[in-house]
Amino acid sequence: MSPSGAQGGGGAEGTLRAVTTSAPATAPPDAPAPSRTLVRLALAAIVVNVAIVVTGGIVRVTGSGLGCPDWPSCDGTRVVPQAGAEQGWHAAVEFGNRLMTFVVLAVVVWLYVELRRSLPSSRAQRWAGWLIVGVLGQGVLGGITVRLELHPLTVAAHFLASMALLVIAAMVHHLVTRPAAPRADDRLRVIAGALLAAAALVLVVGTLVTASGPHAGDPGTPRLGLDIRTVARVHTTLVWTSVLLTVVGLVAARRAGMASLAHAFGVLLAVELVQGAIGYAQYLLGIPPALVALHLLGACLFWLAALRVGLLALWPVPAVADAGP
Ligand code: HEM
């Protein structure tokens, strides 16, 4: 995929664009190519947001959620946990995750500054601004989660807020890299929309499975009280719905000659199969912590792959270096 979007109208995609739309879907050859630093920073913003979800999961499965029982201080008096504190190594695990917030913040601020320098007043810059607001908000939501002693619904909200941040980070990456893709036809747009909705529901119901499962983040935290088998059944039904929509989308994109969209559907299908296998394994093996952490990583990759499909099909790249309103 060319960051500059130059493609000269050749190949099946170029032909298809000519017949499906009169508006150019990709940047014209004279649009300035984004700097390598900018592309890397946009990618880094995605990577650090995934990383903090996984480190947050490690906090949860190690039972370290109340390792620092207060917020913003760790123990009500000090920001940094005391050596030999009552919570022992759990305090270090939880505090490490708190520090990770600053890594995420540093990357998104750097991205914003770089966008302000190289693409001022662009949509990408504005969305990167919202990314900063979102990361700060996530820090506060993490604090509320601790103060509510890891209520399962705030833990779920904390995870889903990270998924919302991944949406924004993926949008910024999309605006910066301007992937060359023709405009999708109506059928593909409907499939992509339905797929995004199903994928979002997989995540939401997944958090309810977690809220009903054994890994609360602290041994004393109450669970939501739903029957885990029933919620897991709803979760897997939604997963299979996503898989079905992905296969339908893959076939439709191939038939339409849309190579990059077909590739995005193919990547999503591969992620779904691996993540589904991890899901079944973790369920059948009694939800071992290591698989839960892996399942969290897989959930982020699944969401990113679904977002890629959604962005390619539903959000044609701006024609001129992202200078839209
Ligand atoms: C594309 C496939 C899948 C995705 C994207 C996905 C996503 C998720 C998400 C987002 C969570 C919540 C994580 C959290 O709140 O920390 C979750 C939890 C869970 N999922 Fe899946 N899942 C998938 C497939 C499956 C399958 C096939 C099963 C099989 C039963 C499964 C079983 C579970 C279980 C048992 C939990 C609770 C784990 C815990 O207690 O922490 N998942 N999943």
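Look above for the structure.
None of the values given here were measured: they were computed from a predicted structure.

Some points on the site of the ligand
What surrounds the ligand is a group of 28 residues, the closest being Gly206, Thr210, Gly213, Gly279 and Tyr283. Among the secondary structure elements, those contributing two or more residues to the shell around the ligand are helix H5 (152-177), helix H6 (186-212), helix H7 (228-255), helix H8 (259-284) and helix H9 (289-314). Considering every element that reaches the shell around the ligand, the biggest residue donor is H8, with seven residues. When its residues are assigned to classes, the shell around the ligand shows 14 nonpolar, 13 polar and one charged.

So, the environment of histidine 151
By the secondary structure assignment, histidine 151 is in the loop between helix H4 (123-147) and H5. The partly exposed category is assigned to histidine 151, around which 17 C-beta atoms lie within 10 Å. When the C-alpha atoms of histidine 151 and arginine 223 are compared, they prove to be 7.9 Å apart, with 72 residues separating the residues in sequence.

Side note on the nonpolar core
In this structure, Ala45, Leu131, Val172, Leu261, Trp303, Ala306 and Val309 are the most contacted members of the largest nonpolar core, which totals 84 residues. For this core, the secondary structure elements donating two or more residues are helix H2 (36-61), helix H3 (89-118), H4, H5, H6, H7, H8 and H9. When residues in this core are grouped by element, the largest group, 14 residues, is from H9. Sequence-distant contacts of valine 172, that is, excluding residues within four places in its chain, are made with Ala42, Ala45, Ala124, Trp127, Ala128 and Leu131.

Calculation notes
- Residues numbered from 1 in each chain as written.
- Predicted model: local features only at pLDDT ≥ 70, side-chain atom pairs only at ≥ 80, totals over all residues.
- Near = placed C-beta within 6 Å.
- Helix = DSSP H or I, 4+ residues; strand = E, 2+ residues; numbered from the N terminus.
- Nonpolar A, V, L, I, M, F, W, Y, C, P; charged D, E, K, R; others polar.
- Buried ≥ 20, exposed ≤ 12 C-beta atoms within 10 Å, placed from the backbone.
- Core = buried A, V, L, I, M, F, W, Y, C linked by C-beta atoms within 7 Å.
- Contact = placed C-beta atoms within 7 Å.

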